[in-house]
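Chain residues, written in single-letter form:
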Amino acid sequence: MRRRRWPIGAKFIALLLTPIISLVALWVFATSLAAGQAQDILAANTNNDEVIKPGGALVTELQRERRLSVIFLGSTRNDATTLVGQRASTDTTITTFRRSTSSEALRSIETRAARQRIERTLTQLDQLLTIRQTVEQRQLDKAVAFRMYTSIIDSVFRIYPALPGVTDPTISRDSQTLLALGRAREMLSQEDAWVSGIAASGRLAGSEPGQLAGIIGTHRFLLTDAIAELPSERRSGYEEATASEAMTRLRGMENRLLSDARTGAPLPIDLATWQTAYDTVSAQLAQLDYAFAQSVLSRTRPVGVSIMVRLGLAAVLGLIAIAISIGVSVRVWRSLIGRLTKLEHSANALAAQRLPSVVRRLRAGEHLDVSAEAPPFDFGEDEIGQVGQAFNDVQRTAIESAVNEARLRSGVNRVFLNIARRSQTLLHRQLSLLDAMERDTVDPQKLQELFQIDHLATRMRRHAEDLVILAGAAPARGWRTPVVLVDVIRGAISEVEDYARITLQSMPEIGLAGPVVADLTHLLAELLENASAFSPPEMPVFVGAQLVPGGLAIDIEDRGLGMPPHAIDEANERLANPPEFDPANSARLGLFVVATLAARHRISVSLRRSPYGGVTAIALIPPGLIVEAPQPALPAGPSAAPSLGPAKAATATTDLDDTAVLVPAAATVAPPVGALPGDRTSKTQRQTVELTADGLPRRRRQASLAPQLREDPPPTTHSATSLAPAVASAGASPAPAPGAGPDPAPARSPEDARASMSSLRAGTLRGRQEATVAVGTAGSSSTPSPSTSPENASDPASTSSEHNRRQA
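A.B. asks: Tell me what's going on with the overall build of the chain, and back it up with residues and numbers.
C.D. replies: The secondary structure content of the chain amounts to 23 helices and 10 strands. Across the 808 residues in the chain, those meeting the buried criterion constitute 44%. Surface exposure of the chain reaches about 40,700 Å², of which carbon and sulfur atoms provide 58%.

Dropping the structure here:
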């Protein structure tokens, strides 16, 4: 017969009813509680022997010394024999109190608060010698001496509430009542000290009537309130004492003091009568207090026996319950551990192995069978079996979700790529059309507007490439030959909105490998866009580069508000370990693009706080991507702006990509002023340019030719097509030949000058296009024109050599 298993609910109920840890905790708690109560009983006896009795004796002796000191200060006699004898008795009591409060038995049970108050009392007792000396020298009056002694007595009373008490509520309440009775007797002692001191001085002085009235009222209140809290069997004795003849006479004299005491008048009562009544009442109250204290102490013994019995029962019953709990728990554990372990292993295998493996294979493009990847498991038919079946459903759903997510991600990537390719095609056609319109436009205002549209289209092309990168593909632009570093950085600057704010600093004369040019240009453009966007519009953005042992370091520094340290750390972590693209985090799109491009070529990009308050971005290019600087196709002169006409005086062009890229003329290199890092023009070419009366450079024949070519003079007439490349190549007109005087030139109007410069610009652009076409037809494979092909870029080195040949 198959053994019937317990329902899972019954098993968990058994575990909840008899948990070992909870039961042990309860047993320890009950045992410690009973043990604590027993310890309180023992502590009550110890506190009574070591603190309460010595403290009561000390209070009595201090009250007597206080009375005699006040009498000594109130009288004019110097006889202190009685006071000296009382001081000796007080010192003996103080020695006993110090010894008892320092015993090991008391220290083992006392609380921290009790020890602090005992130490405070001992410190005040150390000052008693000084008080006595000032009293003997009569440096104090009665009121000051009274307050000093009263302060010491009050510190003794403050020890009692801090002592460990008994948990029994009746005994605890009676202990508080006993303390209140002691306070009442202290107030009666203060009355006696004041009355004796005033009698010694002969008359009341200053505020003594008011102080005396306050003490009398406090004594009556404390005594009445304490008697009301007494148990009925003890209250009758105190009521008889308050109704006795001595108490009646004492109350009568107190009433006379309240009604007849005046400042400057003699004491309105007889001192001998007062002293007789006070001694009788004080002795009666002290005897009643002692009897009440012994009664409270005797009642602690039965309470202690009861606590010890409960402690034994709690210990025995707790051990029995723990043994039963262990037996039940072991039985339940054996029945559950096997299947729960199997379920745990299955869940861990799914979370740590199967599901990550499925996700990796799906991202790699592999097609998977959900049934084969999520086989069902059998965990029985009870509640655990139902949980196992639910786990099977979760496993299948998780794998199906991973498959669907992979399909969705792949579809989204294809959509991104399709949109990006279409946008790129339209943008390349737009750039080509803008290039043609720029050639045919003469109006400077229209030409300037066309250049702005050209710049916007270039930026749009970069944003379209972002979609390609998000889709996991590579942009269509590419280079086969190395490109000069400064041209790469200028190409990145041209794709930034606030290009006029960007300032180039010193650049090494090196080149970068062709395959990295497009991605590095895009990467730097993203960093420059962030630097200009998050800094004040009037502040510049600096770009510099230098060779370091680890490669080439390009740093971009802005002077904006900067980033908090935790944001910089988070951004550096994303740059070092590019995360998977998350559409929900579109605010960090640029950071994701930079991290992806950097990881593609093993470029290290990091952010740090700038000393000027902004952020400095550093891109470290590995040595394998650095090559010697290639010879530029159109070397830059000191300034390319004069050859571009009024409309394009703010921009220059470079053959970095498949279309003419606008490079801001404001992005100039700092050292030296007006020179470019990639400028390889010799010193002889950087001569002063002679200008005509119209302010235009004067052309000198064969001044720009190599010495080997000057043997055959060029034709006397030059078309705009052949002249423009030469002017654009040198960046300015060549210096006049030595000894040659200025040619006479007719005065030209501004319209003629504008038309001439536009013609020079159009000829330069046509020369570049023809050089590119000539190189493409001469090679083994056909290469599309850079202004019309969105897929491949031209070869800068080939273009440069062909262009120089045509120019020569």
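Picking up after the structure, the text goes on.
A.B. asks: Residues and numbers for the packing of aromatic side chains, please.
C.D. replies: Remark: the centre distance and the inter-plane angle together describe each pair of aromatic rings, the angle taken between the planes. Throughout the structure, instances matching the rule amount to two aromatic pairs. Between Phe146 and Trp194 the ring centres are 5.1 Å apart and the planes differ by 45°, which places this aromatic pair in the tilted class. You can see Phe146 sitting in helix α7 (residues 142–157) and its partner Trp194 sitting in helix α9 (residues 169–201), a full 48 residues away along the chain. Here Phe146 and Trp194 have matching classes, each one buried. Ring geometry for Phe157 and Tyr160: centres 6.1 Å apart, planes at 80°, overall edge-to-face. The same class applies to Phe157 as to Tyr160, namely buried.

A.B. asks: Provide a residue-level description of the nonpolar core, including the pertinent values.
C.D. replies: If you look at the biggest cluster of nonpolar residues, it comprises 50 residues, and the most contacted ones within it are Leu485, Leu523, Leu528, Val543, Ile603 and Val605. For this core, the leading source of residues is helix α18 (residues 514–533), giving 10 residues. Those residues in contact with Leu485, other than ones at most four positions away along the chain, are Met507, Pro508, Ile510, Gly511, Leu512, Ala545, Leu552 and Ile554. Counting residues in hydrophobic clusters, the runner-up holds 40 residues, among them Ile41, Ile227, Ala246 and Val281.

A.B. asks: Provide a residue-level description of a nonpolar patch on the surface, including the pertinent values.
C.D. replies: A cluster of nonpolar side chains, Val305, Val309, Leu313, Val316, Leu317, Ile320 and Ile324, forms an exposed patch at the surface whose accessible area comes to about 660 Å². Relative to the helices and strands, Val316 resides in helix α13 (residues 271–363). For Val316, a relative accessible area of 48% translates into the label partly exposed.

A.B. asks: Before we move on, can you summarise the pattern of salt bridges with the specific residues and values?
C.D. replies: All told, the structure shown has 20 salt bridges when counted by the stated rule. Residue Glu119 is joined to Arg115 by a salt bridge in which the shortest nitrogen-to-oxygen separation is 3.0 Å. Taken together, the positions of Glu119 and Arg115, both in helix α5 (residues 112–126) and four residues apart, correspond to about one turn of that helix. Note on Glu119: relative accessible area 34%, which makes it partly exposed.

A.B. asks: Could you give an account of the packing of helix α17 (residues 485–493) against α18, with specific residues and numbers?
C.D. replies: Contact geometry for α17 and α18: axes closest at 8 Å, N-to-C directions at 50°. Relative to α18, the element α17 lies oblique. Between α17 and α18 lies a crossing whose hand is right-handed. Mapping the contact onto sequence places Val488, Ile489, Gly491, Ala492 and Ile493 in α17 and Val517, Leu520, Thr521, Leu524, Ala525 and Leu528 in α18. When the residues that make up the contact of α17 with α18 are grouped by side-chain class, the tally is nine nonpolar, two polar and no charged.

A.B. asks: Any details on the confidence of the model for the chain? Residues and values, ideally.
C.D. replies: Atomic detail in the predicted coordinates should be set aside for any region of low pLDDT. With 74% of its residues at a pLDDT of 70 or more, the chain has an overall mean of 74. Per-residue pLDDT stays below 50 along residues 775–808; that stretch engages in 75 contacts with residues further than four places along the chain or on separate chains.

A.B. asks: So what about the environment of Val627? Which residues, and what values?
C.D. replies: Relative to the assigned elements, Val627 resides in strand β8 (residues 626–628). Overall, Val627 belongs to the partly exposed group, its relative accessible area being 28%. Placed 143 residues apart in sequence, Val627 and Val484 show a C-alpha to C-alpha distance of 9.1 Å. When sequence neighbours within four positions are dropped, the list of residues in contact with Val627 reads Pro482, Ile510, Gly511, Leu512 and Ala513.

A.B. asks: If you had to explain the sheet that holds strand β3 (residues 510–512) to someone new, which residues and values would you point to?
C.D. replies: The strand order β1-β3-β8 describes an open sheet built from three strands, whose pairing is antiparallel. If you trace the sheet from one side to the other, it starts and ends with β1 (483–484) and β8, each paired once. Across two bridges, the pairing between β1 and β3 is antiparallel. Bridging from a neighbouring strand, Val484 pairs with Gly511 of β3.

A.B. asks: So what's going on with unusual backbone geometry? Residues and values would help.
C.D. replies: The phi dihedral of Arg138 is positive, around 55°, even though this residue is not glycine. Of note, Arg138 is situated in the loop between α6 (128–136) and α7. Look at Arg602: it is not a glycine, yet its phi comes out positive at around 60°. Counting through the fold element by element, Arg602 comes out in the loop between α20 (589–600) and β6 (604–609). Arg602 gets classed as exposed once you look at its relative accessible area, which sits at 75%.

A.B. asks: Quick rundown of the pairing of strand β4 (residues 541–548)? Include the residues and the values.
C.D. replies: Where strand β2 (residues 502–504) lies against β4, three bridges are found, and the strand directions are parallel. Residue pairing for β4: Leu504 is matched across the bridge by Val543. Across seven bridges, β4 lies against strand β5 (residues 551–557) in antiparallel orientation. In the strand pairing of β5, Val543 is matched with Ile556.

A.B. asks: How would you summarise the sheet that holds β6 if you had to cite specific residues and measurements?
C.D. replies: Strands sit in the order β2-β4-β5-β7-β6 across an open sheet of five strands; the sheet is mixed. Looking along the sheet, the strands with just one partner apiece sit at the ends: β2 and β6. Strand after strand, the sheet turns through a mean of 20° between neighbouring axes, direction not considered. Against the sheet, α17 makes contact with β2, β4 and β5, and its axis sits at roughly 175° relative to β2, the strand it touches most.

A.B. asks: Report on the pairing of β6, specifying residues and quantitative values.
C.D. replies: Bridge analysis of β6 against strand β7 (residues 615–621) gives six bridges, and the strand direction is antiparallel. Note that in β7 the partner of Arg608 across the bridge is Thr616. Linkage of β6 to β7, two consecutive antiparallel strands, is achieved through a turn of five residues, within which Gly613 is found at a positive phi near 105°.

A.B. asks: Hey, could you go over the packing of α7 against α9 for me, with residue numbers and the actual values?
C.D. replies: Where α7 meets α9, the closest approach of the two axes is 12 Å, and the angle between their N-to-C directions is 165°. Considering the angle they form, α7 stands roughly antiparallel to α9. Crossing angle aside, the handedness with which α7 passes α9 is right-handed. Every residue of α9 that contacts α7 at Lys142, Ala143, Phe146, Thr150, Ile153, Asp154 and Phe157 is listed here: Leu179, Gly182, Arg183, Glu186, Gln190, Ala193, Trp194, Gly197 and Ser201.

A.B. asks: Account for the environment of Ser244, naming residues and giving values.
C.D. replies: As for its position among the elements, Ser244 is in the loop between α11 (232–242) and α12 (245–260). In this structure, the C-alpha to C-alpha distance between Ser244 and Gln284, residues 40 residues apart in sequence, is 9.8 Å. Of note is the side chain of Ser244, whose polar atom sits 2.7 Å from the backbone oxygen of Ala241.

A.B. asks: Requested: an account of the side chain of Glu186, with residues and values cited.
C.D. replies: Here Glu186 is to be found in helix α9. In terms of polar contacts, Glu186 uses its side chain to reach the side chain of Gln63, at 2.6 Å. Once residues lying within four places of it in the same chain are set aside, the contact partners of Glu186 are Gln63, Arg66, Thr150, Ile153 and Phe157.

A.B. asks: Before we move on, could you go through the environment of Gln430 and cite the residues and values that matter?
C.D. replies: Among the secondary structure elements, Gln430 is positioned in helix α15 (residues 383–440). The exposure class of Gln430 is partly exposed, given its relative accessible area of 29%. Sequence-wise, Gln430 and Ile453 are 23 residues apart; in three dimensions their C-alpha atoms are separated by 9.6 Å. When neighbours within four sequence positions are excluded, Gln430 is seen to be in contact with Ile453 and Ala457.

Rules and cut-offs
- Position numbers for residues count from 1 along each chain, tracking the sequence in the order it is written.
- Whole-chain, interface and lining totals are the exception, using all residues; otherwise, since this is a predicted model, local features are given only for residues with pLDDT of at least 70 and side-chain atom pairs are given and counted only at 80 or more.
- Remark: hydrogens and water are excluded; side-chain values derive from all non-hydrogen atoms of the structure.
- Only DSSP runs of H or I with at least four residues qualify as helices, and only runs of E with at least two residues qualify as strands; both kinds are numbered from the N terminus onward.
- Remark: exposure states derive from per-residue accessible area (1.4 Å probe, protein chains only) relative to the maximum for the residue type, with buried under 20%, exposed over 50%, and partly exposed in between.
- Throughout, the Shrake-Rupley method with a 1.4 Å probe supplies accessible areas, and for residues the shown protein chains are the sole cover considered.
- Two rings from Phe, Tyr or Trp (for Trp, the six-membered ring) form a pair when their centres are within 6.5 Å of each other. A pair whose planes differ by under 30 degrees is stacked, one over 60 is edge-to-face, and the rest are tilted.
- As used here, the term nonpolar core means buried Ala, Val, Leu, Ile, Met, Phe, Trp, Tyr and Cys residues forming a set that is joined through side-chain atoms within 4.5 Å.
- Contacts are assigned to residue pairs that have any heavy atoms within 4.5 Å of one another.
- Each patch groups residues whose relative accessible area exceeds 30% and which form no salt bridge, using 9 Å between like charges and 5 Å between nonpolar side chains of Val, Leu, Ile, Met, Phe, Trp and Tyr.
- Salt bridges are counted wherever a side-chain nitrogen of Lys or Arg sits within 4 Å of a carboxyl oxygen of Asp or Glu.
- Only C-alpha atoms enter the line fits that serve as axes; for helices the fit covers just the stretch in contact. Angles between N-to-C directions range over 0 to 180 degrees.
- Angles below 35 degrees are treated as roughly parallel, those above 145 as roughly antiparallel, those between 65 and 115 as roughly perpendicular, and all remaining angles as oblique.
- By convention, the crossing between two helices is left-handed when the near helix turns anticlockwise from the far helix through less than a right angle, and right-handed when the turn is clockwise.
- When residues are grouped by polarity, Ala, Val, Leu, Ile, Met, Phe, Trp, Tyr, Cys and Pro land in nonpolar, Asp, Glu, Lys and Arg in charged, and all others, Gly among them, in polar.
- By definition, pLDDT measures how confident the predictor is in each residue, and it falls between 0 and 100.
- Pairing between strands is defined by DSSP: at least two bridges between them are needed.
- The term polar contact refers here to a pair of N or O atoms within 3.5 Å; inside protein, the definition further demands a hydrogen-donor-capable atom paired with an acceptor-capable atom, and it admits residues adjacent in sequence only when both atoms are side-chain atoms.

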